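Examination of the molecular architecture
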Amino acid sequence: MKRQKAMIMFAGLQVVCFLLYLVFFDFKQTEEVSVITKTQTSMAYLQKENFPSDAHASANDEMTVAADGKESRENISDDTQAMAEEQLEADGGHETLTIKEEIKEKVREVLEGTLNLFKKDLKVVSIGDSLTQGIGDETESGGYVGILNHTFEANSLNISIENYGKRGNRSDQLLKRLEEKEIASSIKKADVVLITIGANDIMKVFKNNFTNLQLEPFEEERLRYIERLKEIFNKIHKLNPDAKIYLIGFYNPFEKYFSDIEELEMIITSWNETGRSITEELGYAEYIPIADLFADPNMNLLADDYFHPNTSAYKLIAKRVLETIEEISVVPEVTTESETVKDPDSE
């Protein structure tokens, strides 16, 4: 028992250190930018000091030299830009995409294929935490929800999706948000409701007990989570008895870097099983597991914050959700536009 507590405390310290790294990550980047700026300023100063000039040159002479240098650099910049524009025209006027635009284009292609809608139209409401909001998605398109929306548009399906994801949301906070007029009104008209909630409940326990981390606080919070999750389902069902509710499970963000700490995996698994059992008990809800999608340590599925999913991970989640939703049928072979484009040189 003592060994288990020691392991849990050790795991907690590692996780806390990891979280502290995430908190100060942006600050570090800002500081590095500041250092670079200072370095560039210093280099400019040194260049000015070493610039050959008359020791008795006046301040006006120095200003004239600086102005001439600036004008020269501007002329070079203008010439370079003109050359670049001429080269662009010589290449046929093809527009160059930024990396973000290229990623966005690929995202829209990933889940394209033949989809069949069993109703004339469908309204989907997604609600929950940062996983619903799409934090970590490099394309800033709304994560798995945005990818689903792109897929529906590509297949000309009359499906609308409303996203009420909010970063940091816990189950108690989501309960309060269900009272908001806009959200309640959307749920009343929905055919499908997608939920991600509970990850921040777990993180709250980590933060409140990191000096003495044990399994008991997680178990106590899990029991409270059960009650809140049932209340969330009941509220949604009361607002719209005909809507099908899908609960998307958790993944272990620490799997890649702390795979040797079994307690972390035990906690995630326990909370996932809680969500699964509640949906099975209710009957009008269904559980969508995603933990297995993150199981391969060789796949890079986390964003730059090493916590949220990246675009590749959101693609996997979107595909899993799409395959689970009963209101839509998916052809097993999913193709992309890039696979159908012919090479002009081969003709």
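So, a few notes on the structure that sits alongside this text. (Residues numbered from 1 in each chain as written. Predicted model: local features only at pLDDT ≥ 70, side-chain atom pairs only at ≥ 80, totals over all residues. Heavy atoms only, no water.)

1. A look at the overall build of the chain
- Counting secondary structure elements, the chain contains 12 helices and 7 strands.
- For the chain, the proportion of contacts with a sequence separation of at least 24, taken over those separated by at least 6, is 80%.
- Roughly 20,700 Å² of accessible area belongs to the chain as shown, and the carbon and sulfur atoms make up 52% of that amount. (Helix = DSSP H or I, 4+ residues; strand = E, 2+ residues; numbered from the N terminus. Contact = heavy atoms within 4.5 Å. Areas by Shrake-Rupley, 256 points an atom, 1.4 Å probe, with all protein chains shown as cover.)

2. Description of the packing of aromatic side chains
- By the definition in use, this model includes 7 aromatic pairs.
- An angle of 65° between the planes, with centres 4.9 Å apart, marks the rings of Phe206 and Phe218 as edge-to-face. A residue pair is termed long-range when its members are at least 10 positions apart, and Phe206 in helix α8 (residues 199-208) and Phe218 in helix α9 (residues 215-239) qualify at 12 residues.
- The buried category is assigned to Phe218, whose relative accessible area is 2%.
- On the numbers, 4.2 Å between centres and 15° between planes, the contact of Tyr251 with Phe294 is stacked. In this pair, Tyr251 is assigned in the loop between β5 (244-248) and α10 (262-282) and Phe294 in the loop between β6 (285-288) and α11 (311-324), connecting sequence segments 43 residues apart.
- For Tyr251, a relative accessible area of 10% gives the class buried.
- Following the ring pairs from residue to residue traces out a cluster consisting of Phe206, Phe218, Phe254 and Phe307. (Phe/Tyr/Trp six-rings, centres within 6.5 Å; stacked < 30°, edge-to-face > 60°. Buried < 20%, exposed > 50% of the residue type's maximum accessible area, 1.4 Å probe, protein only.)

3. Looking at the sheet that holds strand β4 (residues 192-196)
- Strand order in the open sheet made by the 5 strands is β3-β2-β4-β5-β6, with parallel pairing throughout. Two strands lie at the open edges of the sheet, namely β3 (159-165) and β6, each paired on one side alone. Strand-to-strand, the axes of this sheet are offset by a mean angle of 20°, without reference to chain direction.
- Pairing analysis gives 5 bridges linking strand β2 (residues 122-128) to β4, with the strands arranged parallel. The partner of Val124 across the bridge, within β4, is Val192.
- Sitting on the sheet, α9 touches β4, β5 and β6, and the angle it makes with β5 is about 150°.
- Sheet strands touched by α10: β5 and β6. Its angle to β6, the strand with the most contacts, is close to 155°. (Pairing = 2+ DSSP bridges. Axes fitted to C-alpha atoms, helices over the stretch in contact; angles between N-to-C directions.)

4. Thoughts on unusual backbone geometry
- Even without being glycine, Ser156 reaches a positive phi, approximately 55°.
- You can see Ser156 is positioned in the loop between α5 (143-154) and β3.
- A positive phi angle, close to 60°, is found at Tyr306, a residue other than glycine.
- Take Tyr306: it is sitting in the loop between β6 and α11.
- Looking at Tyr306, the relative accessible area reads 30%, which means it is partly exposed.

5. Observations regarding the nonpolar core
- Counting 40 residues, the largest nonpolar core has Ile127, Val193, Ile195, Ile202, Phe233, Ile236 and Ile245 as its most contacted members.
- Counting residues per element, this core draws most heavily on α9, which supplies 7 residues.
- In contact with Phe233, not counting residues within four places along its chain, are Ile195, Ile245, Leu247, Ile278, Thr279, Leu282, Tyr284 and Ala285. (Core = buried A, V, L, I, M, F, W, Y, C linked by side-chain atoms within 4.5 Å.)

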